[in-house]
Amino acid sequence: MFNSESGYWDEKRSQSPKQALEYFADINEHTRLLGIHEGHTPRGVNDPKPTRKEKLKEQEIARPSLSISRTLFDFNEHFIELSNLGENTRSLGFLLLILLTLPALFLGRATLVDLINDPFLSENWLIAALAGGGIAFLSFGLLFFFWRYFFSPAFFTALRARYRFNRTTRKVYVLRPRKYGGNAILDWDRVKAHVHWAPPKSWTAEQLASSEEARRERRLSAGIDSNLLLYWPPLDPADSERKGEDLIWVGPGGSGEPLWQYIRTFMEEGMDAVPKPAEYNWLRKGFSSPGQHMEETVMHGSLVRDRIVGEGTSAATATNFGLNVLWAPLHTLAERLCYWPTFPEEWNSDCGQRRREDGIGPEEPLRWEEKS
């Protein structure tokens, strides 16, 4: 889903691009952005030992990590491929869509039958027309209201965003719907990372601009529902059209500096410099079945914790299954209202080794010579 992207572009359409960037994306003079060289420095055998000051500084930097989240579509010596967040709420959106449309359709049919069978402008005809028209107006009014903010980012659009970080070409290849910026090829060397992004919630732009307390509360909320935001500044800071400016939200909810350091270390040092992805770090390419959605999305966290503890299926996992099993088919149906985006062949984003477009888990080969 594209809730974060939708919120940013709504702000961008209603305000200026600069205001949307400062308010929704939280990129302003108060925000610390990390560069591609800010991380742990690898030391050779003959390098001098780090000073105490250098050790303390390195302790403040997060280690590269994928945590227990499902994060990666693909991983090899040339590129890693990731996505954005929000997939777990698609079934809720589909249920809400059904609740808004089905009653309107049934009542509309009943109203149409009454209008046909009753004499024109009779008392029953007028009652049916007013009641049916009022209910239809209310249902479609609610549908129109929710569509822009809730349904549009989830349905009749791309199933997921896809981001390929290619260290061989030093490019970031972006697949996303046109209404959220469209496909793009971005230069890795220009990227900046906001590792503590959180949505603005109830704060206004004026509050966040003038109140240190509001900005602090927003940073604190990032520990719960943050995401990693990568930003490409304009090629020319004085350019009023802000050419070259772009941003993407990367990773699942709660992502931050560990994921950024994973991406940065891979791009700067290679696949051997980052932890090898675990079995539970893989995202499914393409569409999922109800069972796959339950295991890989809804119950993912509790299943991983059960595996770590090693005491079988916990009560929390069983409860999670019971509460969500009926929702899984809705999610599967909701996915089929979307399309699976694929990278243009002319980009050569896969460095000449075509990768599969469905399934989950590591894909061989992990190493190969670049092909033009």
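See above for the structure.
Residues numbered from 1 in each chain as written. Predicted model: local features only at pLDDT ≥ 70, side-chain atom pairs only at ≥ 80, totals over all residues. Heavy atoms only, no water.

Draft legend 1. Up close: the overall build of the protein. The helix and strand inventory of the protein stands at 12 helices and eight strands. Considering the protein as a whole, with its 372 residues, one finds that 45% of them fall into the buried category. In the protein, of all internal contacts separated by at least 6 residues, the share reaching a separation of at least 24 is 72%. Element-wise, carbon and sulfur atoms account for 58% of the exposed surface of the protein, whose accessible area totals about 19,900 Å². (Helix = DSSP H or I, 4+ residues; strand = E, 2+ residues; numbered from the N terminus. Buried < 20%, exposed > 50% of the residue type's maximum accessible area, 1.4 Å probe, protein only. Contact = heavy atoms within 4.5 Å. Areas by Shrake-Rupley, 256 points an atom, 1.4 Å probe, with all protein chains shown as cover.)

Draft legend 2. Looking closely at the packing of aromatic side chains. Under the counting rule described, the total for this entry stands at 13 aromatic pairs. Taking 5.9 Å as the distance between ring centres and 50° as the angle between the ring planes, the aromatic pair formed by Phe24 and Trp197 counts as tilted. With a gap of 173 residues between them, Phe24 in the loop between helix H2 (17-23) and helix H3 (52-59) and Trp197 in strand E6 (residues 192-197) connect regions that are remote in the sequence. No difference in accessibility class separates Phe24 from Trp197, as the two residues are buried. (Phe/Tyr/Trp six-rings, centres within 6.5 Å; stacked < 30°, edge-to-face > 60°.)

Draft legend 3. Summary view of the nonpolar core. Counting 35 residues, the largest nonpolar core has Phe165, Leu230, Trp260 and Ile263 as its most contacted members. With six residues, the single largest contributor to this core is helix H8 (residues 257-269). Counting residues in hydrophobic clusters, the runner-up holds 15 residues, among them Ala20, Phe24, Trp203 and Leu229. (Core = buried A, V, L, I, M, F, W, Y, C linked by side-chain atoms within 4.5 Å.)

Draft legend 4. Local environment of the sheet that holds strand E7 (residues 227-232). Strand order in the open sheet formed by three strands is E6-E7-E8, and the pairing between neighbours is antiparallel. Each having just a single partner strand, E6 and strand E8 (246-250) make up the two edges of the open sheet. Across the sheet, the axes of successive neighbouring strands diverge by a mean angle of 25°, strand direction being ignored. Looking at chain direction, E7 and E8 are connected through five bridges and run antiparallel. Directly across from Tyr231, in E8, lies its bridge partner Leu247. Sheet contacts for H8: E6, E7 and E8; angle to E7, the most-contacted strand, approximately 50°. (Pairing = 2+ DSSP bridges. Axes fitted to C-alpha atoms, helices over the stretch in contact; angles between N-to-C directions.)

Draft legend 5. Seen up close, the packing of helix H9 (residues 290-298) against helix H12 (residues 328-335). Two numbers describe how H9 lies on H12: the axes approach to 8 Å, and their chain directions differ by 105°. As summarised for this structure, H9 and H12 are arranged roughly perpendicular, according to the angle between their axes. On the side of H9, the interface is formed by Pro290, His293 and Met294, while H12 contributes Ala328, Pro329, His331 and Thr332. Split into classes, the residues belonging to the contact of H9 with H12 amount to four nonpolar, three polar and no charged. (Parallel < 35°, antiparallel > 145°, perpendicular 65-115°, else oblique. Nonpolar A, V, L, I, M, F, W, Y, C, P; charged D, E, K, R; others polar.)

Draft legend 6. Quick peek at the environment of Ser14. Within the secondary structure layout, Ser14 lies in helix H1 (residues 3-14). At 3.0 Å, the side chain of Ser14 forms a polar contact with the backbone oxygen of Asp10. A distance of 3.3 Å separates a polar side-chain atom of Ser14 from the backbone oxygen of Glu11. (Polar contact = N/O pair within 3.5 Å; in protein donor to acceptor, adjacent residues only side chain to side chain.)

Draft legend 7. Layout of H9. Residues of H9 that are buried: His293, Met294 and Glu296. For H9, the elements touching its buried residues are helix H10 (300-309), helix H11 (315-324) and H12.

Draft legend 8. The sheet that holds strand E2 (residues 79-82), seen in detail. Pairing in this open sheet of five strands is antiparallel, and the strands run E1-E2-E3-E4-E5 from one edge to the other. Looking at which strands have only one partner, the edges of the open sheet turn out to be strand E1 (72-75) and strand E5 (184-187). Averaged over neighbouring strand pairs, the angle between their axes works out to 15° when direction is ignored.

Draft legend 9. Molecular detail of the pairing of E2. Every second residue of E2 is oriented toward a common face, with Phe79 and Glu81 on one face and Ile80 and Leu82 on the other, all of them buried. Examined bridge by bridge, E1 and E2 share three bridges and lie antiparallel to one another. For Phe75, the partnering residue across the bridge sits in E2 and is Ile80. Adjacent in sequence and paired antiparallel, E1 and E2 are bridged by three residues. For E2 and strand E3 (residues 162-166), the ladder comprises four bridges, and the chain directions are antiparallel. Paired with Leu82 across the bridge in E3 is Tyr163.

Honestly, that's just the spatial picture; any functional story needs more than this.
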